[in-house]
Each structure stands twice: as structure tokens, then as C-alpha cells.
Amino acid sequence: SILAGNEEGAKGCCLSVDMTSDGIAVLSSDGYVLAPNGGAVAVCDHTYTELRQVAPRLLPVGQALDLARACRSKIAITLRDPSLLPQMRMTLRQTDYLDDAVFVGLGLVEAARIASANPDLHIMGEMPAVPDNIAALVNASQTTGLFGLRAAPAHLTPPLLRACRAAGLFTMSLPTNDPRTLDTLIRGGVNFIETSRPDLAAALLPEGKKARPQRFPMRGID
């Protein structure tokens, strides 16, 4: 997926992370791996060795980061459990990826709390709807040290995007593959556009941006 996305024009990838019972961070979108009999095995209840016996293709986060580095990709990391942050910080530092990673999937309150306590991490808050008071939300996000805001494409309105740019906050869309929506997000200046069709998004980029590396755009993100 990382390699295919890179070939299709993506400038980064999205990873969902969970931890095994013996403390190994692995890729897992729902906290489970599938057993040969079709049953679900919880990642957090088993060691990495036990899980590999059930799912040989289970990938440690470190290997995924190596692949991303080979593609010169930025990464967005969805944490199933905030307690994973200390290990993820250590892994990202060891792989020299701390500055090229952003954490997503956290509600605004929790994201703000974590960002305030971890100023070295790029934490984005999940915005559930268009705020009634954009200025207040942006000010609170800036004050607590959030890296930016992530929301559904329809909620990334021009006034919100302008306010975020003025405050130095990054913006990121939830997944979309609709060409018109992708075009609107690109024209609006959304920093990170999550999509499983990076080929469509790349084709819509202005010519100068297609060739020039950008900070953080991301299969997963363009």
C-alpha cells in the first residue's frame, strides 16, 4: 500500500497502530488480526510471536517506517490507545521520523491535553462539525499547542481554513475519493488530503506543486 501510493503520486501514508501484550507496536486498524479459521484475535492480548503464528503478515511499525522512508513519505499515525505515545515517540526518534509524523484520531479535548503535555509531537484534533465560533476554536487550538485540525471535507469551510492559516495551524481532511471534493480541498489550501486515490489528487495539483516536495502532504495523504 505504501509503495503503491507512492507510485500513484502520494507524498505520505496513514498508519493505524496498536501494541502487543509484550510491548511491540504493530500496524492494526481495528485492534485485531484474523485467524486462519476466520476468528478475530485481539492484538493487545497476545505477544508479537503468538500473533505472527496466526497472522504471518503482521507488520511491526519500525518496518513500515523503513518502507515510508524508502519512499520519502510523511506519515499520519492513528493511535488506538494514547498510552502508545511514549513508545511511538521513541520509535520515531530512533528512525529519525519525529519531525515527519503527525498523530490523528484524537478528540479535540484529548488532543489538546496530549499536545500541551507533549510539545515535541505533532498532534491534530478531530473536529466533529463546523464550529459555531471559529475564532474561539482556532485560538484554543493554538493556545494548547495543537499542530492542526482534522475534519470531514464538508467541515473544512473557507472561513475555517483562512483562520487556521492565519494562526499557523495545519488542516487535514478525512478520507475522500470524490474528484470534485478533492479539487475543492486542493483549491482551498488544505494541507493534508487523505484519499485512497492519490492518482486523482495528484492529477488535480497545480503544476508547480506536482514536482515540488511539500511539508507533510500524505496513500492516505496527498
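## Here we look at the pairing of strand β7 (residues 123-127)
β7 sits mainly inside the fold: five of its five residues count as buried. The alternating pattern of β7 places Ile123, Gly125 and Met127 on one face and Met124 and Glu126 on the opposite face, and all of these are buried. The pairing of strand β6 (residues 101-107) with β7 spans three bridges and is classified as parallel. Residue pairing across strands places Leu106 opposite Gly125, the latter belonging to β7. Once you follow β6 into helix α5 (residues 108-117) and on to β7, the crossover reads as right-handed. Here β7 pairs with strand β8 (residues 148-151) via four bridges, running parallel.

## Quick word on the pattern of salt bridges
Considering all chains together, one arrives at nine salt bridges under this definition. Ionic pairing is found between Asp120 and Arg89, a salt bridge with its closest N-O pair at 2.9 Å. Note that Asp120 is positioned in the loop between α5 and β7 and Arg89 in helix α4 (residues 85-94), a separation of 31 residues in sequence. Accessibility expressed as a relative area gives 15% for Arg89, which makes it buried. In this structure, Glu126 engages Arg150 in a salt bridge whose closest nitrogen and oxygen atoms are separated by 2.9 Å.

## Section: the side chain of Thr95
Within the fold, Thr95 resides in the loop between α4 and β6. Thr95 gets classed as buried once you look at its relative accessible area, which sits at 14%. Among all residues touching Thr95, those that are not within four sequence positions of it are Leu65 and Arg69.

## Description of the packing of aromatic side chains
Per the counting criterion, the structure on display carries three aromatic pairs. Where Phe147 meets Phe170, the ring centres are 4.5 Å apart and the plane angle is 10 degrees; that geometry is what we call stacked. With Phe147 in the loop between α6 (134-144) and β8 and Phe170 in strand β9 (residues 170-173), this pair connects stretches of sequence that are 23 residues apart. Phe170 carries the same exposure label as Phe147, and that label is buried. With centroids separated by 6.5 Å and ring planes inclined at 10 degrees, the aromatic side chains of Phe147 and Phe192 adopt a geometry described as stacked. Taken together, the residues span a long stretch of sequence, with Phe147 in the loop between α6 and β8 and Phe192 in strand β10 (residues 192-195) at a distance of 45 residues. Judged by its relative accessible area of 11%, Phe147 is buried. Overall, Phe192 belongs to the buried group, its relative accessible area being 0%.

The rules behind these values
- Residues numbered from 1 in each chain as written.
- Predicted model: local features only at pLDDT ≥ 70, side-chain atom pairs only at ≥ 80, totals over all residues.
- Heavy atoms only, no water.
- Buried < 20%, exposed > 50% of the residue type's maximum accessible area, 1.4 Å probe, protein only.
- Helix = DSSP H or I, 4+ residues; strand = E, 2+ residues; numbered from the N terminus.
- Pairing = 2+ DSSP bridges.
- Right-handed = clockwise from strand over helix to strand, strands pointing away.
- Salt bridge = Lys/Arg side-chain N within 4 Å of Asp/Glu carboxyl O.
- Contact = heavy atoms within 4.5 Å.
- Phe/Tyr/Trp six-rings, centres within 6.5 Å; stacked < 30°, edge-to-face > 60°.

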